[in-house]
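# Tertiary structure, described
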Amino acid sequence: MRTRHIASGTALSVLLGSATLLGVTAAPAVADTTKALPLTSPSDIVVDGVHKRVFISSAADSAVLVTDYSGTVVGKIASEQGASDLLLSADSSTVYVALSTADAISAIDTATLAETTRYDLGTAAPSSLALAGGKIWFGYGSGGDGNLGSLDLDPVVVPTPTPTATETATETAEPSPTESVTPTETATDTATPTESASESPSESPSESPSESPSVTESATETAGTQTADAADEASADVTTTNGAVVTLDLADDWYSGPLLAATASGDSNTLVAADSGISPSTLRVYDLSTGTPTTQAERDGVASPADMAVTADGTQLITASGAPYYQQAYRISDLADDGKYTTDSYPNAVAVAPGGTIAAGISGAYEPDIYVFKQGVDKQIRNYDFGVVGSPGYSSELLSSGLAWAPDSSRLFAITVDVYGDYPTLRVLNDATKAVSKVTVSAPATATRAKKLTVTGTLTATVAFPAGAKVTVTRKDLTDPKGKSLGSKSVASNGKFSFTDTPVTGGDVTYTATYAGDATHTAGSGKDTVKVSRATPTVTVKTSASTYSYGKTVTVTAHLGKTYKNRKLSIYAKPAGGTKKLLKTGTVNSSGNLAVKYRLTRNTTFSTTFTGDARYAPKTATRSVGTKVNVSTAVSKYYKTGKIGSTKYYYFHKNNTSVFTTTMSYYPGRAQLLQLQVYYQGRWYDAGSDYFALNSHGKSAVGIEGPGESGVRARVRASYIKGGSGDSVNTTTHGSWKYVYFTN
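Once a new chain begins, its residue numbering starts again from 1 and follows that chain's sequence as written. Selection of residues for local features in this predicted model requires a pLDDT of at least 70, selection of side-chain atom pairs for listing and counting requires 80 or more, and totals for whole chains, interfaces and linings are taken over all residues. For side-chain calculations, the full set of non-hydrogen atoms in the structure is used, while hydrogens and water are omitted.

Here we come to the overall build of the protein chain. Only DSSP runs of H or I with at least four residues qualify as helices, and only runs of E with at least two residues qualify as strands; both kinds are numbered from the N terminus onward. Assigned secondary structure in the protein chain consists of 3 helices and 57 strands. Burial status across the protein chain gives 44% buried among its 744 residues. Just so you have it, the protein chain exposes about 34,900 Å², and 50% of that area is on carbon and sulfur atoms. Relative accessibility decides the category of a residue: with a 1.4 Å probe and only protein chains considered, values under 20% of the type maximum give buried, values over 50% give exposed, and everything between is partly exposed. Every accessible area reported is derived by Shrake-Rupley at a probe size of 1.4 Å, with residue values counting cover from the shown protein chains alone.

Within the secondary structure, Thr-563 is located in the loop between strand S42 (553–560) and strand S43 (568–575). Two N or O atoms count as a polar contact when they lie within 3.5 Å, although within protein this holds only if one can serve as hydrogen donor and the other as acceptor, and sequence-adjacent residues are included solely when both atoms are side-chain atoms. Polar contacts involving the side chain of Thr-563 include one to the side chain of Arg-567, which spans 3.1 Å. Contacts were defined at the residue level, with two residues in contact if any of their heavy atoms lie within 4.5 Å. Those residues in contact with Thr-563 that sit more than four places away from it in its chain are Pro-537, Phe-610, Asp-613 and Tyr-616.

Now for the side chain of Thr-357. Tracing the backbone shows Thr-357 in the loop between strand S24 (347–352) and strand S25 (358–362). On the accessibility criterion, Thr-357 (13% relative accessible area) is buried. The contacts of Thr-357, once residues within four sequence positions are left out, are Ala-351, Val-352, Val-372, Phe-373, Ile-381, Trp-405 and Thr-433.

Here we come to the sheet that holds strand S51 (residues 658–664). The 3 strands lie next to each other as S48-S51-S54, forming an open sheet whose pairing is antiparallel. Only two strands of the sheet have a single partner each, and these edge strands are strand S48 (631–636) and strand S54 (699–704). In this sheet, adjacent strand axes meet at a mean angle of 20° when their direction is disregarded. By definition, two strands form a pair when at least two bridges between them are found by DSSP. By the bridge criterion, 6 bridges tie S51 to S54 in an arrangement that is antiparallel. Residue pairing across strands places Thr-662 opposite Ser-700, the latter belonging to S54. For helices, the fitted line uses only the C-alpha atoms of the stretch in contact; every axis is such a line through C-alpha atoms, and the angle between N-to-C directions lies from 0 to 180 degrees.

Now for the confidence of the model for the protein chain. Known as pLDDT, the predictor's confidence for each residue is given on a scale from 0 to 100. Averaged over all residues, the pLDDT of the protein chain is 87; the fraction at 70 or higher stands at 85%. Contacts from residues 1–28, a stretch scored under 50 in pLDDT, to residues over four places away or in other chains number 57 contacts. Counted against residues more than four places away or in other chains, residues 165–234, with its pLDDT under 50, gives 86 contacts.

Spatially, S3-S4-S5-S6 is the arrangement adopted by the 4 strands of the open sheet, whose pairing is antiparallel. Of all the strands in the sheet, just strand S3 (44–48) and strand S6 (73–77) have a single pairing partner and so form its edges. The sheet shows a mean angle of 20° between the axes of neighbouring strands, direction not considered. Pairing analysis gives 6 bridges linking strand S4 (residues 53–58) to strand S5 (residues 63–68), with the strands arranged antiparallel. Bridging from a neighbouring strand, Ser-57 pairs with Val-64 of S5.

Right, let's get into the pairing of strand S50 (residues 647–653). Strand direction decides the pairing type here: strand S49 (residues 640–644) and S50, joined by 5 bridges, are antiparallel. Each bridged residue has a counterpart across the sheet, and for Ile-644 the counterpart in S50 is Thr-647. In textbook terms, the turn of a hairpin is the stretch between consecutive antiparallel strands, and for S49 and S50 this stretch comprises 2 residues, one of which, Gly-645, has a positive phi near 70°. Judged from the 5 bridges that link them, S50 and strand S57 (residues 738–743) form a sheet pairing that is parallel. Counted as the bridge partner of Phe-652 is Phe-742 from S57.

Bringing a negative patch on the surface into the picture now. The patches reported here contain residues having more than 30% relative accessible area and no salt bridge. Joining distances are 9 Å for like charges and 5 Å for nonpolar side chains (Val, Leu, Ile, Met, Phe, Trp, Tyr). Note on definitions: salt bridges are taken to be side-chain nitrogens of Lys or Arg within 4 Å of carboxyl oxygens of Asp or Glu. In summary, the charge assignment counts Lys and Arg as positive and Asp and Glu as negative, without counting His or the chain termini. In plain terms, the charge of a residue is placed at NZ if it is Lys, CZ if Arg, CG if Asp and CD if Glu. Taken together, the side chains of Asp-145, Asp-237, Asp-249 and Asp-252 define an acidic patch exposed on the protein surface. Along the chain, the position of Asp-145 falls in the loop between strand S12 (135–140) and strand S13 (147–152). Classification of Asp-145 as exposed rests on a relative accessible area of 54%.

Examined against the element boundaries, His-734 turns out to sit in strand S56 (residues 733–734). In sequence terms His-734 and Arg-717 are 17 residues apart; their C-alpha atoms lie 7.4 Å from each other. With near-sequence residues (within four places) excluded, His-734 lies in contact with Val-631, Arg-717, Ala-718, Ser-719 and Ile-721.

A few words on the packing of aromatic side chains. Only rings of Phe, Tyr and Trp enter the pairing, Trp through its six-membered ring, and a pair is recorded when the two centres are within 6.5 Å. The plane angle decides the type: under 30 degrees is stacked, over 60 is edge-to-face, the rest tilted. Summed over all chains, the structure comprises 16 aromatic pairs. Ring plane angle 55° and centroid distance 5.3 Å describe the contact between Tyr-69 and Phe-413, whose orientation is recorded as tilted. Taken together, the residues Tyr-69 in the loop between S5 and S6 and Phe-413 in strand S30 (residues 411–418) connect sequence positions 344 residues apart. Ring geometry for Tyr-325 and Tyr-346: centres 5.6 Å apart, planes at 70°, overall edge-to-face. Residue Tyr-325 is found in the loop between strand S21 (316–321) and strand S22 (326–331), and its partner Tyr-346 is found in the loop between strand S23 (337–342) and S24; the two are separated by 21 residues along the sequence.

So, about the pattern of salt bridges. Counting across every chain of the model gives 11 salt bridges. Note that Arg-118 is salt-bridged to Glu-115, the shortest N-O span being 3.0 Å. Residue Glu-115 is classed as partly exposed on the basis of its relative accessible area, which comes to 29%. Residues Asp-334 and Arg-331 are paired through a salt bridge, measuring 2.7 Å at the closest nitrogen-oxygen approach. Three or more residues are tied together by salt bridges with common partners; here these are Glu-80, Glu-115 and Arg-118.

Right, dumping it as structure tokens:
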């Protein structure tokens with residue numbers, strides 16, 4: 001980012017004259033913003049402080065994009081062929097655009113966002129713009145054909161004077177070419193020519209450059225206007241375009257179009273140029289006091305700069321080159337080394353705020369991207385690291401020359417792309433001139449309620465804090481969840497502070513220390529949390545039994561013992577395989593109890609929760625109960641029933657199949673366990689068992705073939721086995737035995 005402001009004495013006087021009306025107040029901190037740019041590849045950036053707009057050129061898109069200070073797009077000027085370098089007028093009325101593929105400079109109205117004028121440069125393709133000595137200067141050319149040109153938007157003209165009677169007589173006399181004209185002054189400054197018969201009619205006396213100027217000479221000039229610098233620029237290529245004067249071929253010894261820089265005010269007669277197309281490069285300082293560039297200082301063998309800027313006071317040039325790994329400073333007067341601003345590998349951008357703060361950028365994937373300095377001090381005020389961008393998560397890198405300050409230094413604007421040049425992004429950095437205030441707070445991990453504790457902290461920054469700095473402290477706890485002020489605490493000269501407090505509320509107590517910020521420091525805060533002890537309350541939850549039949553409605557009773565202020569409990573139920581559900585929240589009765597009814601269909605865990613209060617800690621109690629399934633078995637295909645002893649038997653012929661149909665509470669994937677036992681010599685013996693799947697209605701029918709002999713006694717039972725029947729949502733439940741007797 002180069003110097004890009006055109007200033008006028010009138011504009012400066014207006015600004016200075018209104019300065020006394022402005023009050024200095026501490027502005028609230030504004031969050032930095034990041035916005036994607038709808039451009040293929042940005043080229044340059046300049047900031048309009050009057051309309052609070054940011055102009056971003058793109059040679060690839062032949063356009064100039066315009067955003068507001070938040071990065072939101074407000075306009076786009078198309079057909080700006082090869083739009084590259086940008087230059088803003090001091091009154092912020094016009095942005096000048098170097099049209100590198102149209103051999104022109106365009107003027108864009110910053111209010112209407114429309115191109116108003118285009119200045120034709122002939123065959124010169126401008127690459128860099130700067131203002132000094134009352135003219136716009138531009139570098140152009142490439143590949144061993146670099147050059148310097150100027151655009152005079154307000155050329156000084158000398159009007160042809162109105163001829164006097166004597167002058168008219170002189171013109172009528174038509175002296176011969178060999179006549180010598182000798183001015184004779186009178187009290188009225190009237191000149192009387194003396195003619196010679198030997199003068200030639202083909203020459204005018206005013207055409208002799210060796211003669212001293214006179215009123216007569218003025219009178220004999222060609223009618224019309226004449227640029228004041230015409231004589232000085234006689235050897236240059238001078239043309240006019242849209243009321244402006246274009247002068248080319250002012251310095252044809254550059255390898256490529258030189259990179260240009262000048263003071264931000266634009267009223268200096270000093271212009272700095274550098275050959276950015278070849279390395280090692282040449283730096284040159286031009287004196288423009290005569291209207292044409294005259295070399296004031298030159299230095300060869302320097303690294304080719306990607307960007308450069310002149311400090312606000314005009315004493316220092318700062319360059320950003322791929323190497324060395326810092327922004328080099330040079331003295332403007334003689335280009336001697338004048339310090340450096342240490343950054344990291346591959347410096348590629350530099351911008352100077354009107355107040356003198358320097359932003360230095362690099363193209364680095366793993367290091368901070370921007371470093372901020374005070375002029376003449378090689379110590380960072382702060383830095384910015386942009387991390388990754390885009391869906392693949394590539395590292396963000398600063399665009400070459402991609403930095404620009406707001407004219408009031410309130411914001412620094414930066415353009416970043418990923419490592420492949422994609423995802424162009426505008427980053428708006430607020431309070432970039434201020435050092436970051438870092439506040440740390442250290443409190444004990446635990447503390448006893450109503451006992452004094454000590455909290456310590458530090459306030460640090462890269463720039464010293466003013467004497468008497470203070471931090472304000474707040475305490476947040478259950479009693480004051482929004483925070484209670486503990487007043488301000490003085491910060492010692494070493495940045496340390498401390499205070500004591502006696503927390504009367506238990507639980508998490510958070511202490512926050514905040515520095516409000518000042519003219520050179522951002523606001524900052526830090527916090528730490530203490531776990532302050534609380535008493536343990538009595539909390540229970542009960543039911544009348546531990547196992548219940550399917551569908552049983554039970555009463556769940558929660559109990560809360562002594563507490564400070566909170567007398568509420570919440571009762572929850574979580575059925576096996578289901579989600580936890582709130583059954584009831586309420587204040588316990590005078591006995592400390594809260595009850596609720598619940599219908600059981602699965603094993604269920606009941607819980608009751610006390611959220612705690614200022615003196616009693618939170619607590620939860622649980623109670624798990626089992627829930628049986630409904631299971632029954634129906635027998636079919638028998639020919640009669642009867643009793644053996646007191647037991648009911650189903651009679652089957654010895655060769656017939658008995659059918660047992662089980663009905664059980666349904667659950668997806670559930671199976672019944674069917675068990676068969678045979679009676680022999682006074683005892684029952686297992687004869688086999690197996691699982692049989694239930695259908696969607698919870699039914700399962702199983703046939704058992706007859707034994708083929710009479711007198712056999714057997715029994716069958718269907719069961720649900722927790723973990724064996726395909727799920728574990730109920731308690732193991734056995735159905736009743738069904739007895740059978742086989743006869744002939």
